[in-house]
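In case you want the letters, here they are:
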Amino acid sequence: MSILVTFLGFILGVVINLLADSLPHYRRPKGFHCPACSAKKTPLAWSGVISFLTGNRECAYCGKLQEWRAPLVEITLAVGGYLIYRANPSYAVFISGLVILFIYLLIIVIDIEHRLILHIVSGPSALVVFLLRFLNPEPEFTETIVGGVVGFFSFLLLYFLGQLFAMVMGRLRGTQIDEVAFGFGDVTLAGVIGLTAGWPGVIVALILGIFLAGIFSFLFIIARMLVRRYSPFMPIPYGPFLVIGCLMVYFGVAKSLAMLLAP
Ligand SMILES: [Zn+2]
């Protein structure tokens, strides 16, 4: 059974790579193709792990090498599937956990590579996460809905504040500031996270995410200052950190941490 769940995770990893290679460009799934020249891939190159192992990393047409992202995603989901199953072999918990991991890994990969959170991903994700609650007793129906609403609207407020801040600073400095802290994609993501974590988990998830993003950007700014390339209005990629916060709440890591710090 362990082998089966690991294999299932691996297959879902292949699907994530397929979606991450096509959705940002075509807004719909497209068969296995090279992201550079869009030539069809040979079956041995469909999976990142298999293409690396069999020496089929290079595109036969344009010579572009398969990114490291592909095997990384497949291994992450395979290991993730195995760990979720080991932690709780219940059918409902396993399916929900794997689907949650699938959704958020796809969101992170596209956000890191394209600085985008696609509506075509977050829309269906919101629906799927909502439906998952019928498999599990928690969070309850109202907690799920309240979580989603709180996530979405708190970030909508931050989004407008960010726009306002950019406008005021732009006026003061006499230049246009195009890069804003939160994009609208982050608002939809916060909604999906709210549905996932439920109420009051959504608060912990989002605060954790913002906190982690803050630590990251602080270290990043220091590193940039050391090489003297600091610019004050650099946008922080919030998406991946919000997702980490959400997964920590969903898989109970945040709770264990809190118990550890304040028993
Ligand atoms: Zn190619």
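For the structure, check the block above.
It should be emphasised that the depicted structure is a prediction, and the values quoted were computed from it without experimental measurement.

**Student:** Can you lay out the coordination of the zinc ion for me, pointing to particular residues and giving the numbers?
**Tutor:** Taken together, the protein ligands of the zinc ion are C34 (SG), C37 (SG), C59 (SG) and C62 (SG), with distances of 2.2 to 2.3 Å. Classification of the site at the zinc ion as tetrahedral follows from its four donor atoms and the range of 107 to 111° in their angles at the metal. Of note, the donors binding the zinc ion are all from one chain and are spaced C-x2-C-x21-C-x2-C. Placement of the pair is C37 in the loop between α1 (2-26) and α2 (48-53) and C62 in the loop between α2 and α3 (69-87), with a sequence separation of 25 residues. According to the relative accessible area criterion, C37 is partly exposed, its value standing at 32%. Judged by relative accessible area, C62 falls into the partly exposed class, the value being 39%.

**Student:** Go over the packing of α1 against α3 with me, naming the residues and quoting the values.
**Tutor:** It is at 7 Å that the axes of α1 and α3 come closest, and there the two elements cross at 145°. Between α1 and α3 the crossing geometry is right-handed. Contacts between α1 and α3 pair S2, V5, T6, G9, F10, L12, G13, V14, I16, N17, A20 and D21 from the former with R69, A70, V73, E74, L77, A78, G81, Y82 and Y85 from the latter. Classifying every residue of the contact of α1 with α3 gives twelve nonpolar, six polar and three charged.

**Student:** Lay out the pattern of salt bridges in plain terms, naming residues and giving numbers.
**Tutor:** Within the structure shown, the criterion is met by three salt bridges. Residue K64 is joined to E67 by a salt bridge in which the shortest nitrogen-to-oxygen separation is 2.9 Å. In this structure E67 comes out as partly exposed when scored by relative accessible area, which is 41%. Sharing partners across several salt bridges, the network here consists of D21, R69 and E113.

**Student:** Requested: an account of the nonpolar core, with residues and values cited.
**Tutor:** One finds Y104, I107, L189 and I193 to be the most contacted residues of the largest nonpolar core, which totals 48 residues. At 13 residues, helix α4 (residues 91-114) tops the list of elements feeding residues into this core. Taken together, domain 1 (1-116) and domain 2 (138-263) each give at least three residues to this core, which thus spans both. Contact partners of L189, with chain neighbours within four places excluded, come to Y104, I107, I117, G239, L242 and V243.

What counts, and where the lines are drawn
Residues numbered from 1 in each chain as written. Predicted model: local features only at pLDDT ≥ 70, side-chain atom pairs only at ≥ 80, totals over all residues. Heavy atoms only, no water. Donors = N, O, S within 2.8 Å, 3.2 Å for Na, K, Ca; no water. Tetrahedral: all angles 85-135°; square planar, octahedral: opposite > 155°, others 65-115°. Helix = DSSP H or I, 4+ residues; strand = E, 2+ residues; numbered from the N terminus. Buried < 20%, exposed > 50% of the residue type's maximum accessible area, 1.4 Å probe, protein only. Axes fitted to C-alpha atoms, helices over the stretch in contact; angles between N-to-C directions. Left-handed = near helix turned anticlockwise from the far one by under 90°. Contact = heavy atoms within 4.5 Å. Nonpolar A, V, L, I, M, F, W, Y, C, P; charged D, E, K, R; others polar. Salt bridge = Lys/Arg side-chain N within 4 Å of Asp/Glu carboxyl O. Core = buried A, V, L, I, M, F, W, Y, C linked by side-chain atoms within 4.5 Å. Domains from an automatic or database assignment.

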